[in-house]
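Listed below, chain by chain, are the residues.
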Amino acid sequence: MQYRQLGKIDFKVSALGFGAMRLPSMKNPLDPRVDEKEAIRMIRHAIDSGVNYIDTAWPYHLGASEKILGKALLDGYREKVFLVTKLPMFLVNKQEDFGKYFHAQLEKLQTDYVDCYLFHALNEKNFNKVKDFELIKEMEKERDAGRIRNIGFSFHDTLPVFKKIIDFYDWDLTQIQYNYLDTTVQAGEEGLKYAAEKGMAVTIMEPLKGGMLAKPPKEARKLLEASSVKRTPVDWALQYLWNLPEVSVVLSGMSTGEQLEQNLESAEKSGIGKLTEEENGTINSIISIYREKILVPCTACQYCMPCPAGVNIPENFALANSANMKPETLWDRIMLFNTKRKYRKLASNKVKVNKTVPDGNASLCIECGKCLSHCPQTIAIPDELKKVHQFLRYGRNEF
Ligand code: SF4
Ligand code: SF4
């Protein structure tokens, strides 16, 4: 494992961090329930292989992530990692909520302290709550009591809001969405550099844009295959991030043992400034291809779920993005047929839809708007779902 400096925090962090928001699921990939035994095995194997940074949050896996981590970190594993969790800002409505959630989280995680506590998903609205309810004071009280070692925030909003938050306090760490497609959205490249210049640790979430960068469009795949450097699409995306001096640790939400092994192998080869001019050129070319192909910039974070109408929102967007290709070969046509068949297999009847394991297609959206405020990508979900249905059901591209 390669290790890097965690910003101003006195800690050498593994290049790869374990993001506990995409733990292995039960048999059906649409099922949000976690295969706990496999999750614990994977977390412990990652730690035994040198990973020393673990990130979780209150809502991950509908509350199950912190509990499973609590079990995984028994038997001496807790002391081996820098453990991060987050205050669920969407549930905070008064100052006392800070203590209520923080202490419940310590209990779930079966620990007396967290190495860093973040305000979760700060945007303009949530930042106002931090100020109005004087939540920094609450953070500092817990830090003085030794239950919080470092203070930070994760972020989803625009660059000006990011800078405003950074300038508000002497933060230790920030967690931002960043990958080779997102250099100009949210904090972006300018925000990454701004935080790093202040000495903050910068941890990266969504390095694969919700898995999108693991499955490049055909044109991008051809380009990668023609490159003199042979790597998997995932390795290209990760090495792009590790190449940057401002990046402290890259979080990966790994769902299978195979993904974990591949990421460990990639991390072993990582380093700052290692990519050549040719390699950077290859990445620039695939960025242009991706930008033409993505219909909905959904990262499959699941924050919008559950939908009261049973719509599997991220699955619908993933299918639309994957269907947006020009079929040239027989194989392309088969793939497109399969994508459309998968869409037809989603429930289209509100009586039959499974609300525990949401399996509804886009047509079931009742436009209640409940999901809108939860989407960090600010996707107009009900509007986009209408377009998805027209596209996947009738072949009309209204994007
Ligand atoms: S607006 Fe549609 S997709 Fe969003 S929560 Fe309501 S029914 Fe579900
Ligand atoms: S629609 Fe938004 S909130 Fe829902 S999974 Fe996609 S990115 Fe996340």
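Model, not experiment: these values are computed from the prediction.

Asker: What's the story with the pairing of strand β8 (residues 173-177) in this structure? I'm lost.
Answerer: Across a regular strand the side chains alternate sides, sitting on one face of the sheet and then on the other. Where burial is concerned, most of β8 is hidden: 5 out of the 5 residues are buried. Of the two faces of β8, both are covered, the one formed by L173, Q175 and Q177 as well as the one formed by T174 and I176. Note that strand β7 (residues 151-155) and β8 share 3 bridges and pair parallel. Bridging across to β8, S154 finds its partner in Q175. In this fold, the crossover linking β7 to β8 by way of helix α6 (residues 159-168) has right-handed handedness. The sheet contact formed by β8 and strand β9 (residues 201-205) spans 5 bridges and is parallel. For Q175, the partnering residue across the bridge sits in β9 and is T203. With helix α7 (residues 188-197) bridging β8 and the parallel β9, this β-α-β connection has right-handed handedness.

Asker: So what exactly am I meant to see when it comes to the site of ligand 1 here?
Answerer: By nearness alone, every residue bordering ligand 1 is listed as C307, P308, A309, I313, C365, I366, E367, C368, G369, C371, P382 and L385. The residue makeup of the shell around ligand 1, split by class, is 10 nonpolar, 1 polar and 1 charged.

Asker: In this structure, what is going on with the sheet that holds β9? I would like to understand it.
Answerer: In sheet architecture, strand pairing relies on hydrogen bonds along the backbone and comes in two forms, parallel and antiparallel. Taken together, 8 strands build a closed barrel; the order of strands is β3-β4-β5-β6-β7-β8-β9-β10 and the barrel is parallel. On average, each strand axis in the sheet is tilted by 25 degrees relative to the strand beside it, whichever way the strands run. The pairing of strand β4 (residues 53-55) with strand β5 (residues 82-87) spans 3 bridges and is parallel. By the bridge assignment, I54 is partnered in β5 with L83.

Asker: Got a minute to help me understand the domain arrangement of the protein in this structure?
Answerer: Split by domain assignment, the protein resolves into domain 1 (3-293) and domain 2 (313-394). The C-alpha-based centres of domain 1 and domain 2 are spaced at 27 Å. Counting residues at the interface gives 14 residues for domain 1 and 15 residues for domain 2. Together domain 1 and domain 2 conceal approximately 1,100 Å² of surface at their shared face, both sides included; 46% is due to carbon and sulfur atoms. At the junction of domain 1 and domain 2, the tally comes to 0 salt bridges. Here domain 1 is connected to domain 2 by 4 residue pairs in polar contact (both at pLDDT 80 or more). At the level of secondary structure, the elements contributing two or more residues to the side of domain 1 that touches domain 2 comprise α8 (218-226) and α11 (277-293). Each residue belonging to the side of domain 1 that touches domain 2 can be placed in one class, and the counts come to 4 nonpolar, 4 polar and 6 charged.

Asker: Whenever I open this one, the site of ligand 2 confuses me. Can you help?
Answerer: Residues in contact with ligand 2 amount to 13 residues; listed here are only the nearest, C298, C301, Q302, C304 and C375. Looking at the shell around ligand 2 residue by residue, the classes come out as 10 nonpolar, 3 polar and no charged.

Asker: So what exactly am I meant to see when it comes to a positive patch on the surface here?
Answerer: On the surface, R341, R344, K345 and R393 cluster together into a patch of positive charge. Counting residues per element, the positive patch draws most heavily on helix α13 (residues 330-345), which supplies 3 residues. Counting through the fold element by element, R393 comes out in helix α14 (residues 381-394).

Asker: Teacher, can you tell me more about the side chain of R22 here?
Answerer: Here R22 is to be found in the loop between β3 (16-19) and α1 (36-48). Side-chain polar atoms of R22 contact the backbone oxygen of T299, separated by 2.6 Å. If we ignore the near neighbours within four places in the chain, the residues touching R22 are H61, E206, G210, G253, M254, S255, T299, A300 and C301.

Asker: I would appreciate a short explanation of the environment of R41 in the present structure.
Answerer: Tracing the backbone shows R41 in helix α1. Measuring from C-alpha to C-alpha, the distance between R41 and L275 comes to 33 Å, with 234 residues separating the pair along the chain.

Asker: What should I look at first to understand unusual backbone geometry in this one?
Answerer: Trans peptide bonds make up most of the peptide bonds, and negative phi angles are found at most residues other than glycine. Note that the residue after M305, namely P306, is joined by a cis bond; omega there is 0 degrees. Mapped onto the elements of the fold, P306 is located in the loop between α11 and α12 (313-323). Phi at D75 takes a positive value of approximately 60 degrees, unusual for a residue other than glycine. On the basis of relative accessible area, D75 is assigned to the exposed category, the value being 65%. One non-glycine residue with positive phi stands out, namely E367, at about 60 degrees.

Asker: Could you clarify how one ought to interpret the packing of helix α4 (residues 124-132) against α6 in this entry?
Answerer: One way to put it is that α4 packs onto α6 with a least axis distance of 11 Å and a crossing angle of 20 degrees. Considered as vectors, α4 and α6 are oriented roughly parallel to each other. Between α4 and α6 the crossing geometry is left-handed. Here E124, F127 and K131 of α4 come into contact with α6, specifically with V161, K164, I165 and F168. A per-class count over the contact of α4 with α6 returns 4 nonpolar, no polar and 3 charged.

Asker: Where do I start with the nonpolar core in this structure?
Answerer: Nonpolar side chains tend to gather and get buried jointly when the protein is soluble and globular. Ranked by internal contacts, the top residues of the largest apolar core, which has 84 residues, are F119, F153 and Y180. The greatest single-element share of this core, amounting to 7 residues, is contributed by helix α9 (residues 233-242). Other than its neighbours up to four places away in sequence, F153 contacts L118, F119, L122, F162, I165, I166, W171, L173, T174, Q175 and M200.

Reading guide: rules and limits
- Residues numbered from 1 in each chain as written.
- Chains lettered and ligands numbered in written order.
- Predicted model: local features only at pLDDT ≥ 70, side-chain atom pairs only at ≥ 80, totals over all residues.
- Heavy atoms only, no water.
- Buried < 20%, exposed > 50% of the residue type's maximum accessible area, 1.4 Å probe, protein only.
- Helix = DSSP H or I, 4+ residues; strand = E, 2+ residues; numbered from the N terminus.
- Pairing = 2+ DSSP bridges.
- Right-handed = clockwise from strand over helix to strand, strands pointing away.
- Near = heavy atom within 4 Å.
- Nonpolar A, V, L, I, M, F, W, Y, C, P; charged D, E, K, R; others polar.
- Axes fitted to C-alpha atoms, helices over the stretch in contact; angles between N-to-C directions.
- Domains from an automatic or database assignment.
- Contact = heavy atoms within 4.5 Å.
- Buried area = accessible area lost by both parts, 1.4 Å probe.
- Salt bridge = Lys/Arg side-chain N within 4 Å of Asp/Glu carboxyl O.
- Polar contact = N/O pair within 3.5 Å; in protein donor to acceptor, adjacent residues only side chain to side chain.
- Patch = residues over 30% accessible without salt bridge, like charges linked within 9 Å, V, L, I, M, F, W, Y side chains within 5 Å.
- Areas by Shrake-Rupley, 256 points an atom, 1.4 Å probe, with all protein chains shown as cover.
- Lys, Arg positive; Asp, Glu negative; His and termini not counted.
- Charge placed at Lys NZ, Arg CZ, Asp CG, Glu CD.
- Parallel < 35°, antiparallel > 145°, perpendicular 65-115°, else oblique.
- Left-handed = near helix turned anticlockwise from the far one by under 90°.
- Core = buried A, V, L, I, M, F, W, Y, C linked by side-chain atoms within 4.5 Å.

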